[in-house]
Each structure stands twice: as structure tokens, then as C-alpha cells.
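Each chain, written out:
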Amino acid sequence: MGPGTVRIGFIGIGTMGLPMALNLLRGGHRLSVYDLNADALRQAEEAGATRAADVAALVRGSDLVITMLPDAPDVEAIALGQDGIESVGRPGLLYVDMSTIDPMTTRRVGARLAERGIRMIDSPVARGVDNARAGTLALMVGGDVGVFAEVEPVLRLMADTITHCGELGNGVAMKLVNNFLSAGIVGTIAEAMTIGMKAGLPLELMVRVSGGTGTNNAWLHKLLPGKGFLGDFRPGFMSHLARKDQRLALKLAGEMGMTLTLGEAVLRMLDETVAQYPRDDFTSLIRVVGGGAGVDVRLDGGETKT
Ligand code: NAD
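This structure is a prediction, so every number in the text was calculated from the model and none was measured. All residue numbers here refer to positions counted from 1 along the written sequence of the relevant chain. Since the coordinates come from a predicted model, pLDDT governs what is reported: local features require at least 70, and pairs of side-chain atoms require 80 or more to be given and counted, while whole-chain, interface and lining totals use all residues. Remark: hydrogens and water are excluded; side-chain values derive from all non-hydrogen atoms of the structure.

Student: Looking at this model, I keep getting lost on the environment of Arg-51. Mind explaining?
Tutor: Only DSSP runs of H or I covering at least 4 residues are called helices, and only runs of E covering at least 2 are called strands; the numbering of each starts at the N terminus. Position of Arg-51 relative to the elements: it lies in strand E3 (residues 50–51). Linking Arg-51 and Val-33, residues 18 residues apart in sequence, is a C-alpha distance of 5.2 Å. In contact with Arg-51, other than residues within four places in its own chain, are Val-33, Ala-38, Leu-41, Arg-42 and Glu-45. Polar contact is the term for a pair of N or O atoms within 3.5 Å; when the atoms are in protein, one must be able to donate a hydrogen and the other to accept it, and sequence-neighboring residues count only if both atoms are side-chain atoms. Here Glu-45 takes part through its side chain, which lies 3.2 Å from a polar atom of the side chain of Arg-51. Whether two residues are in contact is decided by their heavy atoms, any of which lying within 4.5 Å being enough.

This is the structure we're talking about:
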């Protein structure tokens, strides 16, 4: 893939995928798109993308295929299913999966595609939809460094931070580790702040005091005070996706013979959060835990935003 215009086929133009794809268009590339959602396709078309009739047509007309799909079965269906990337893609085709899935699926898909000469890397994304719009996502890449070098100029249109993490599947492994940390930290904060508030400590005081100790961290001292602690639970990163990632991390651990006590407990907290607030931000965890104890974990008395 030399410099200049690349024919890019983008599958999965949802919350994250649409703004990511539009940055490729702005970067001067030719973009064709495919999704099950007609409304998303219409928006992409209005912005200058071409709507592909189906996955096969998209793959045939592309030098580089990118997927940004919800979960592992979706990626498997597009990559290995009937008239998917494996059956239609020509040798030399480049494929970047940017969805958050599990490394075992990534490696299985990559091995199958390699038999057909199709070169795959995984490049899941961190940060949220505002960063997707601004082209300032953080990418964690797994796979051959030569393939990575070929697609890097395209990835740079979507991200300001890109880290090569090793072999194929290591990008999604890193992503699952990161989200496991996030969910565990927010779950712990929810319980700790609820204990404190029930015991009579103001939230502002707990945040301030713990900020001067070893518990200083971005969630407690920056992200939640700017959003969830003000009652803003607009996604962001929806509860149901956070639960999916927690499940994927536990599945990965299970495949390696590990049982995770904390991870299982956080999954149960996320199950409850999805039951109550499926499409709100996953930091609704603090509403679930606080609400269960009759406490409003808030810095102000303002309106709740969802
Ligand atoms: P989303 O549900 O908004 O978008 C997914 C899109 O894929 C939808 O438009 C859907 O119609 C489409 N789709 C599903 N199956 C399809 C199929 N078979 N063929 C064609 N299109 C199909 O999800 P999202 O928030 O954009 O997230 C995508 C991925 O990125 C997920 O794996 C998520 O965990 C991850 N992620 C999300 C965020 C975030 O803040 N939202 C941040 C980082 C990573």
C-alpha cells in the first residue's frame, strides 16, 4: 500500500465506527461502508462515502478492510462467514479489526485468513466517541510489524497514540486488560464512596483526602468528578459493552486456567448495571451501588443526565 489514496472498506459504522470512518474520508481516501443499520449508512453516504451492496462487494473493491463491530461472533461472521472476507478477499488484501473481542478469536481468524494470503492485524481502540470524532483515539496493535507499517498512515488519521503490543491478538489482550482495570477501579470507587457517605463523610472530602495518598487515580480525581459524580451518565461507553468486555476478560482468564474472584464480582455489578441502565455509561455502576444503599453519590444537587 503506497502513499496516496487507499480504497478502504469500513464495516460497522456505529457509535465509534462512523466518526472513525469519516476521518479516513477527510484524509483523502476512498471509503466504502457496510452496516446493518440503514440510518448509519445514510449518514455516511451524505458525508461522501459509497454504500456497498454487501460485504462481498465491499471486500472486492478495497485494498484495506476495517471492521468496528460489537463482539467476537460479529467479527467471525464477517471474516469467515459466507461471502465474507476469507471467501472473497484476494491475496495481499489488508485487514484491520478494530473491535474489542478476545485474542483467541483474533488469532483463529488471522490464521484462517493467512492461508488465503490475507494479512490481518488487530487494533482495538481506547477512549471515547469524542476522541473518535477528533481523531485522537489510542490504538493497541497486534500483528506483523511490516503489515502495521503499511497501514499506520491510515491508522494515524484516527488516533494520536498508537502502541504496537506484539503478535496478532496482543492488541485485544491489552485492551481487555485495560477495560478490566477500568471496571474494577470504578466498581471499587462505587463501593468505597458509598461506605463513606453512609458513614457521614462528604464525597468532596473523600476525593480530596484520598487524592493526597497512594489511591490518587484518574477515575477518582478527574474523570468521575467531571461527569458521573455530577450526575452525567450519557455514554461514553455503554454498560452493555463494558459487561461484554468483562466477560471477554474472564473468558480469556478461564482459557488460561485462571479463576478471578474480583473479576467475577465486578461482572455481577455490571450485570445489575445493564439490567437498570443498559444504554447509559458504565459508570452508572456508582448509581447502582449507591442507590442500593440509599445514597446519592454526587458532588452537586443537579439534574441527572442520561
Ligand atoms: P455500536 O453498537 O454503536 O456499533 C456497532 C455497529 O456494527 C452497528 O452500527 C451495527 O449495526 C453494526 N453491525 C453489527 N453486526 C453487523 C454485521 N453483521 N454486519 C454489519 N454491521 C454490523 O458499537 P460501538 O460503540 O461503535 O463499539 C464498537 C466496538 O468498539 C465494540 O467492540 C466496543 O466494545 C468497542 N469500543 C467502544 C468504545 C465506546 O466508547 N463506544 C470505546 C472503545 C472501544
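Student: What is the right way to look at the site of the ligand in this model?
Tutor: One heavy atom within 4 Å of a molecule or strand makes the whole residue count as near it. Around the ligand, the surrounding shell holds 23 residues, and the nearest of these are Thr-15, Met-16, Asp-35, Pro-70 and Lys-244. A distance of 3.3 Å separates an oxygen atom of the ligand from a polar backbone atom of Gly-236. Between Lys-244 and the ligand, the recorded distance is 2.8 Å, taken from a side-chain N or O atom to an oxygen atom. Here the shell around the ligand is built from residues that sort into eleven nonpolar, eight polar and four charged. Here the limits of each domain have been adopted from an automatic or database domain assignment. Split by domain, the residues of the shell around the ligand number at least three in each of domain 1 (7–168) and domain 2 (173–292). Residue classes follow a fixed rule: Ala, Val, Leu, Ile, Met, Phe, Trp, Tyr, Cys and Pro count as nonpolar, while Asp, Glu, Lys and Arg count as charged, and any other residue, Gly among them, counts as polar.

Student: Please clarify how the side chain of Thr-67 should be interpreted in this entry.
Tutor: By the secondary structure assignment, Thr-67 is in strand E4 (residues 64–67). The buried label applies to any residue whose accessible area, calculated with a 1.4 Å probe on protein chains only, is under 20% of its type's maximum; exposed applies above 50%, and partly exposed to all values in between. For Thr-67, a relative accessible area of 0% corresponds to the buried category. A polar side-chain atom of Thr-67 sits 2.7 Å from a polar atom in the side chain of Tyr-95. Not counting chain neighbours up to four residues away, the residues in contact with Thr-67 comprise Ile-11, Ile-78, Tyr-95, Val-96, Asp-97, Met-98 and Ser-99.

Student: Sorry if this is basic, but what is going on with the pairing of strand E2 (residues 30–34) here?
Tutor: Look at any regular strand and the pattern is simple: side chains alternate between the two faces of the sheet. For E2, the tally of buried residues reaches four of five residues, placing the bulk of the element in the interior. Looking at chain direction, strand E1 (residues 7–11) and E2 are connected through five bridges and run parallel. Residue Ile-8 lies in a different strand from E2, and its bridge partner there is Leu-31. What joins E1 to E2 is helix H1 (residues 17–26), and the crossover it makes is right-handed. Bridge count for E2 against E3 is two bridges, and the pairing is parallel. Bridged to Val-33 within E3 is Arg-51. Pairing between two strands is assigned when DSSP locates at least 2 bridges connecting them. With its strands directed away from the observer, a crossover is right-handed exactly when the path from the first strand over the helix to the second travels clockwise.

Student: What exactly am I supposed to notice about the sheet that holds E3 here?
Tutor: Note on sheets: strands pair through backbone hydrogen bonds, and any given pair is parallel or antiparallel. Reading across from one edge, E3-E2-E1-E4-E5-E6 is the order of the six strands in this open sheet, with parallel pairing throughout. Both edges of this open sheet fall to E3 and strand E6 (119–122), since each of them pairs with a single strand only. As paired strands, E4 and strand E5 (residues 94–97) are joined by four bridges and run parallel to one another. Paired with Ile-66 across the strands is Val-96, a residue of E5. The axes used here are C-alpha line fits, helices contributing only the stretch in contact, and every angle between their N-to-C directions lies in the interval 0 to 180 degrees. Packing of helix H8 (residues 145–155) onto the sheet brings it into contact with E1, E4, E5 and E6, and relative to E6 it is tilted by some 60 degrees.

Student: Can you walk me through the domain arrangement of the protein in this structure?
Tutor: Interfaces are often sized by the amount of accessible area the parts lose when they come together. For the protein, the domain assignment lists domain 1 (7–168) and domain 2 (173–292). The straight-line distance from the C-alpha centre of domain 1 to that of domain 2 is 29 Å. What counts as buried area is the accessible surface, traced by a 1.4 Å probe, that two parts surrender upon association, with contributions from both included. For the pair domain 1 and domain 2, the two sides together bury roughly 1100 Å², of which 68% comes from carbon and sulfur. Per-residue buried area on domain 1 facing domain 2 is highest for Thr-100, Pro-103 and Met-104; these three make up 38% of the total on that side.

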